[in-house]
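Tertiary structure, described
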Amino acid sequence: MKLRHLLSIVCGGLWLIMSVPLQAALTIQITEGVKGAMPIAVVPFDNSTLKPPLPYNLSDIITTDLGRSGRFAPMPKQDLIARPHDGNAVRFADWRMLNMESLVVGRLRELGGARYEVQFQLFDVFKGEQLAGYSIAFAADDVRRTAHRISDLIYEKLTGQRGAFSTRIAYITAIKASDKSREYRLSIADADGFNEQVILDSKQPLMSPSWSPDGEKLVYVTFESGRPEVFVQEVFSGERRRVTDFPGLNNAPVWSPDGRYLAMTLSKTGNPEVHIYNLQTGALSQVTRHPGIDTEPNWSPDGRKLVFTSDRGGRPQLYMVNMSGANKSGQPQRLTFEGEYNSRGTFSPDGQRLAMVHGQQGAFRIAVLELASRNLQVLTDSRLDESPSFAPNGSMIIYATESQNRGVLAAVSVDGRVHQRLELQQGDVREPAWSPFITK
């Protein structure tokens, strides 16, 4: 029984590969949206003076961003009753007749030297008032990032919550080469699946990517030496260093909120236990001490607690331990009692919820536990879900699942009403990690 748990909990990132060489981008499909989403019209921005035109259409990207959030119902381009480019040309009465609540208009102009400027306005249609107006300069190769930034501004103005369209996701892809060997890739992409960048190629398995709090580094597990080791790698330069290579397991590393420590699972004492590693000094402290398997630690946003998975009660469940400084801990307390299996706990950005893999009657689904009420809500209805990761604004959870016998990524809103599927054209993708807000 313990060996079975060890394989399923500690080495859950090793999966069967049933794929062929992969394509470059993820495709996002909104499989279920929110009824009553806010109607909004994004009028195509005037780009008639641009020669040549930009490689991407800003207004199309903004429309797609807002639509896939599930909070908005953008009007199809072909249904637009007019195409104004500034507030002076807007006839609000016409848009009110269509029950349109918000309207976005804008125009582009060249600044010279492959630089451009976008001016856009956001209006409350029923009040006939401007809610926001911005002028943003950008380079020709920065079109998509600029569009995501505009989407973030619109989202925050209309919902009161910071937008996460400018963030990134990391994930592991496994592919089968022509000689039937397996290749593994650690990649990152924009939150909408574009701009994929391969961070590391390996002939051996890669596991457990986790973002640093500043979004500039990734920590992960690699088997390149034939056994598990933990590495930290700079996202942009590619520079990396080995952090731990102790005998036995070096698994499930995750950054502390202040970026000074890593929590991880080590079995150098003979049993898988949660440890804290000081990135500056290399000092190591042991958090758990139990004959069971303790793994998959994750920090609370304030750094004062750790949640982890343990089978100390006979089956995998979530436990939480209060931390008193980096090297001291209290007595772990069990958090989950509902269901046969609960693992991979991760805190929401506000610290009020835990996302997890919830197992019941052979199905493994994504669930959210409200920590104050201890109410558990199952969000998905598939059977093999894993690796939940919150968006930095707490609105969505990305996770891995299976579709047609291969690994794909999916996302669900924290209330379970919005569902998305993110698929590579080919390949098997797992272990997503949503980045923090990007500051650069």
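The coordinates are above.
What comes next is a walk through the structure. (Residues numbered from 1 in each chain as written. Predicted model: local features only at pLDDT ≥ 70, side-chain atom pairs only at ≥ 80, totals over all residues. Heavy atoms only, no water.)

Looking at the environment of glycine 238
Inspection of the secondary structure puts glycine 238 in the loop between strand E12 (229-234) and strand E13 (240-244). The class of glycine 238 is partly exposed, set by a relative accessible area of 34%. Along the backbone, glycine 238 and leucine 200 are 38 residues apart, and their C-alpha atoms lie at a distance of 8.3 Å. (Helix = DSSP H or I, 4+ residues; strand = E, 2+ residues; numbered from the N terminus. Buried < 20%, exposed > 50% of the residue type's maximum accessible area, 1.4 Å probe, protein only.)

Let's talk about the packing of helix H2 (residues 58-68) against helix H4 (residues 143-159)
Between H2 and H4, whose axes approach to 9 Å, the crossing angle comes to 50 degrees. With respect to their mutual orientation, H2 and H4 come out oblique. Taken as a pair, H2 and H4 cross one another with a handedness that is right-handed. Of H4, the residues touching H2 (which contributes Leu58, Ile61, Ile62, Asp65 and Leu66) are Val143, Arg144, Thr146, Ala147, His148, Ile150, Ser151 and Ile154. The residue makeup of the contact of H2 with H4, split by class, is 8 nonpolar, 3 polar and 2 charged. (Axes fitted to C-alpha atoms, helices over the stretch in contact; angles between N-to-C directions. Parallel < 35°, antiparallel > 145°, perpendicular 65-115°, else oblique. Left-handed = near helix turned anticlockwise from the far one by under 90°. Contact = heavy atoms within 4.5 Å. Nonpolar A, V, L, I, M, F, W, Y, C, P; charged D, E, K, R; others polar.)

Section: the pattern of salt bridges
The final tally for this structure, using the stated rule, is 23 salt bridges. With its nearest N and O atoms 3.0 Å apart, the salt bridge here joins lysine 77 to aspartate 60. Placement of the pair is lysine 77 in the loop between strand E3 (72-74) and helix H3 (92-97) and aspartate 60 in helix H2, with a sequence separation of 17 residues. On the basis of relative accessible area, lysine 77 is assigned to the partly exposed category, the value being 36%. The exposure class of aspartate 60 is partly exposed, given its relative accessible area of 31%. Residues arginine 417 and aspartate 415 are paired through a salt bridge, measuring 2.9 Å at the closest nitrogen-oxygen approach. In this structure arginine 417 comes out as partly exposed when scored by relative accessible area, which is 45%. Each of Glu386, Glu402, Asp428 and Arg430 takes part in one network of salt bridges that share partners. (Salt bridge = Lys/Arg side-chain N within 4 Å of Asp/Glu carboxyl O.)

Description of H4
For H4, built from 17 residues, the straight-helix expectation of 24 Å at 1.5 Å per residue is met to within 8% by its first-to-last C-alpha distance of 24 Å. Within the sequence span of H4, burial applies to Val143, Arg144, Thr146, Ala147, His148, Ile150, Ser151, Asp152, Ile154, Tyr155 and Leu158. Glycine 160 sits one or two residues past H4 and shows a positive phi near 80 degrees. (Expected span 1.5 Å × (residues − 1).)

A short note on the environment of isoleucine 293
For isoleucine 293, the position within the fold is in the loop between strand E17 (284-286) and strand E18 (294-299). In this structure isoleucine 293 comes out as buried when scored by relative accessible area, which is 1%. Sequence spacing of isoleucine 293 and glutamate 273 is 20 residues, and the spatial spacing of their C-alpha atoms is 6.6 Å.

Some points on the sheet that holds strand E16 (residues 273-278)
Overall, antiparallel pairing links the 4 strands, which are arranged E14-E15-E16-E17 in an open sheet. Unpaired on one side and paired on the other, strand E14 (250-255) and E17 mark the two borders of the sheet. Across the sheet, the axes of successive neighbouring strands diverge by a mean angle of 25 degrees, strand direction being ignored. Pairing analysis gives 4 bridges linking E14 to strand E15 (residues 261-266), with the strands arranged antiparallel. Bridged to tryptophan 255 within E15 is leucine 262. (Pairing = 2+ DSSP bridges.)

Considerations on the pairing of strand E5 (residues 115-124)
Most of E5 sits inside the fold, with 8 of its 10 residues counted as buried. Note: strand E4 (residues 102-110) against E5, 9 bridges, orientation antiparallel. Residue leucine 103 lies in a different strand from E5, and its bridge partner there is phenylalanine 123. Taken together, E4 and the strand that follows it, E5, pair antiparallel across an intervening segment of 4 residues, in which glycine 112 is found at a positive phi of about 95 degrees.

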